[in-house]
Structures are given as C-alpha cells and as structure tokens.
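Breakdown of the fold
Each chain is listed here by its residues.
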Amino acid sequence: MSAVIERVGVVGGGQMGAGIAEVCARAGLDTVVCEANATAARTARDRIDASLDRAVRRGKLQQAAARDALARMVFTSSLDDLADRQLVIEAVVESADAKIEVFAALDKIVEDPATVLATNTSSLPIMRLGMSTLRADRVVGLHFFNPVPVMPLVEVVTSLHTSAETTAAVEDFATRTLGKTVIRSQDRAGFVVNALLIPYLLSAIRMAESGFATAADIDTGMELGCAHPMGPLELTDLIGLDTVASIAESLYAEFREPLYAPPALLQRMVEAGLLGRKTGRGFHPYEQD
C-alpha cells in the first residue's frame, strides 16, 4: 500500500462513524462515507455539518476549515464507491453478523489487495472479522472513542493474522495524520479500555438496581469523591445503554466472569428503548435536540 494514506472510506454514519469521517476530512483526507440508504447518508452529512458548526462556534475550528472539510467528503449508499480506498473503517452497529457482512462485501469490492480494512468495534474479536475476508493480514481494530473529534485516544488491536506492515500503517495514520495517541491491545474482548471500564459501569448499574443509592447520588459520589469528570451512569447514558449491554455480553461470552454479565435492569432498559442521551432518557432525562 502507499506510504501515505490519502483516500479513506467509512462505513456507517452514526455517532461514531460520523466522528471518524469528520476527523479524517479535517486532516485533509479524501473521505467517502457509506450509509445503508440515501436518507441515512443525508442524516450523516447533517450530523457532521452540525458537529463542524459547533467546533466553529466554540472557537476550535475556522469557518473556512469547516467548509473545506465538508467539501472533502462524499456521502453514498453504495459500498461500490469505496473500491479505490486505501483504508476503509467499518463503524456499523455493534453486531458480529452485521460487521461480518460488511467485511465480506468490502473484501470483494476494494480493488487494491493491500487496502487495510479496519473495524471500530468496541469488543468483538478482530480475528472473527478478518476470517470473513481473504485478507486477514490486512484486517485490524482501530477503536476510536466518543466524541471522536475531541477524544485523543485510539486503540490499535491486532489479530493473530494482522501483519506488522498493517499495524505500522494504521499506527502511523492514527498518530501522524489524525494526531491521536495510540495504545496497542491484543485481540481480547473489550481490549484495554472497555475491559476495565465496563465492569465499573455495570457495578454502578447494580448499585442503582438494588436501591443502594440513587442514580444522581452514585454519579455525584464518583464526580466529587473521585474527581471523575462524569459519573458512571451519566457515562453509560452517553455511550448508549444498548452499546454498553452489547460490550458486556461480548466480555461475558469470552471470559465467563460474573462481573461482566449485564444486569437485569440494563437489559430491561434496552428492551424499553431507554438508551440514554440518544433517546432522551436513560438513567437520567435529557432534552432532545
């Protein structure tokens, strides 16, 4: 592959995919965002436009730079438009079946066998995704954190097949091109951050579930007692209860440790559609945009 990645594709234009596409475009890259249909593609564009506008209003970005970033992006509903990409980052729903379908399709579509296929999965095995392609050596985890334009960390996760060349290329891309800090993880569910974070969040949910303390008091306790910028239940709301539950299920399936098992309250809230900020209610209420 080329020494410098200049053409990037992002599959999925939700909260994470849109953020990844935004930082790529702001870094000067030719960026194609692929969504499921034309309506979702327009929504992804609007989401990124609004994020760029917030950055301008907060003095983090010049108006001209925001305009240029948006101009570098193409929005599509066809994976075929990713055929010439040097790097494609998958950021669809946290479902193994959905991600495997995307990787299998991309493997047939992207023209250059040296193109790297990366996943933004929070917890799913990289090996499983890689083996759905004929280029497992070119498949790697590239896990960003929310909100992507603000959070400085990226986890690079390699499977047993990921080549040293692929690892070096994505680390260079994340650090030199995007200006992120990289940490490496072995291909284990949850990687570094979520393997430590999710048990903490689940513990807070169990505390609220048992009536030990209210959600407000749990969050205030960790914010003022431990100097955390955000309490665990507010953080769960920000991440999305469905995402937290999905990561917990992946962790429990791999390690079979009780601390990773999703509490019943979390499962019931997901079933009820109380997913946190994105639905207006989770452990706390939120005003919808």
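Now for a look at the structure at hand. (Residues numbered from 1 in each chain as written. Predicted model: local features only at pLDDT ≥ 70, side-chain atom pairs only at ≥ 80, totals over all residues. Heavy atoms only, no water.)

**Things to note about the pattern of salt bridges**
Per the stated rule, a full pass over the model turns up 13 salt bridges. A salt bridge links E90 to K99; its shortest N-O distance comes to 2.4 Å. One exposure class covers both E90 and K99, and it is buried. Among the ionic pairs, E171 bridges to R184, the shortest N-O distance being 2.4 Å. One end of the pair, E171, is in helix α6 (residues 164-177); the other, R184, is in strand β8 (residues 181-186), and 13 residues separate them in sequence. On the basis of relative accessibility, which here comes to 18%, the residue E171 falls in the buried class. Through salt bridges with shared partners, a single ionic network connects D30, D84 and R85. (Salt bridge = Lys/Arg side-chain N within 4 Å of Asp/Glu carboxyl O. Buried < 20%, exposed > 50% of the residue type's maximum accessible area, 1.4 Å probe, protein only. Helix = DSSP H or I, 4+ residues; strand = E, 2+ residues; numbered from the N terminus.)

**What about the packing of aromatic side chains?**
Enumeration over the complete set of coordinates arrives at one aromatic pair. Both rings, one in F255 and one in Y260, keep their centres 5.5 Å apart while their planes meet at 35°; by these two values the pair is tilted. Here F255 falls in the partly exposed class, since its relative accessible area comes to 33%. Judged by relative accessible area, which is 11%, Y260 ranks as buried. (Phe/Tyr/Trp six-rings, centres within 6.5 Å; stacked < 30°, edge-to-face > 60°.)

**A look at helix α1 (residues 15-26)**
Its twelve residues place the ends of α1 17 Å apart at the C-alpha level, agreeing with the 16 Å of an ideal helix rising 1.5 Å per residue. α1 sits mainly inside the fold: ten of its twelve residues count as buried. Among all positions in α1, only M16, G17, A18, G19, I20, A21, E22, V23, C24 and A25 are buried. Following α1 by one or two positions, G28 has its phi on the positive side, about 90°. (Expected span 1.5 Å × (residues − 1).)

**Details of the nonpolar core**
One broad trend across soluble globular proteins is that nonpolar side chains are buried collectively. Counting residues in hydrophobic clusters, the biggest one holds 36 residues, and the most contacted among them are V8, I20, L52, I89, L142, F144 and F173. For this core, the element with the most residues is α1, which contributes seven residues. Beyond its immediate chain neighbours, meaning those up to four positions away, F144 contacts M16, I20, I89, N120, L153, V154 and L178. Core analysis: the next-biggest nonpolar cluster, separate from the first, contains 22 residues, A195, L197, Y260 and F283 among them. (Core = buried A, V, L, I, M, F, W, Y, C linked by side-chain atoms within 4.5 Å. Contact = heavy atoms within 4.5 Å.)

**Observations concerning the sheet that holds strand β2 (residues 30-34)**
With mixed pairing, the eight strands of this open sheet are ordered in space as β3-β2-β1-β4-β5-β6-β7-β8. Of all strands in the sheet, those with a lone pairing partner are β3 (73-76) and β8, marking the two edges. Across this sheet, the average inter-strand angle for adjacent strands is 25°, counted without regard to direction. Bridge count for strand β6 (residues 139-144) against strand β7 (residues 153-158) is four bridges, and the pairing is antiparallel. (Pairing = 2+ DSSP bridges. Axes fitted to C-alpha atoms, helices over the stretch in contact; angles between N-to-C directions.)

**Here's the deal with the environment of V270**
Take V270: it is sitting in helix α11 (residues 264-271). Taking relative accessible area as the criterion, V270 reaches 27% and is therefore assigned partly exposed. C-alpha separation for the pair V270 and R45, spaced 225 residues apart in sequence, amounts to 27 Å.

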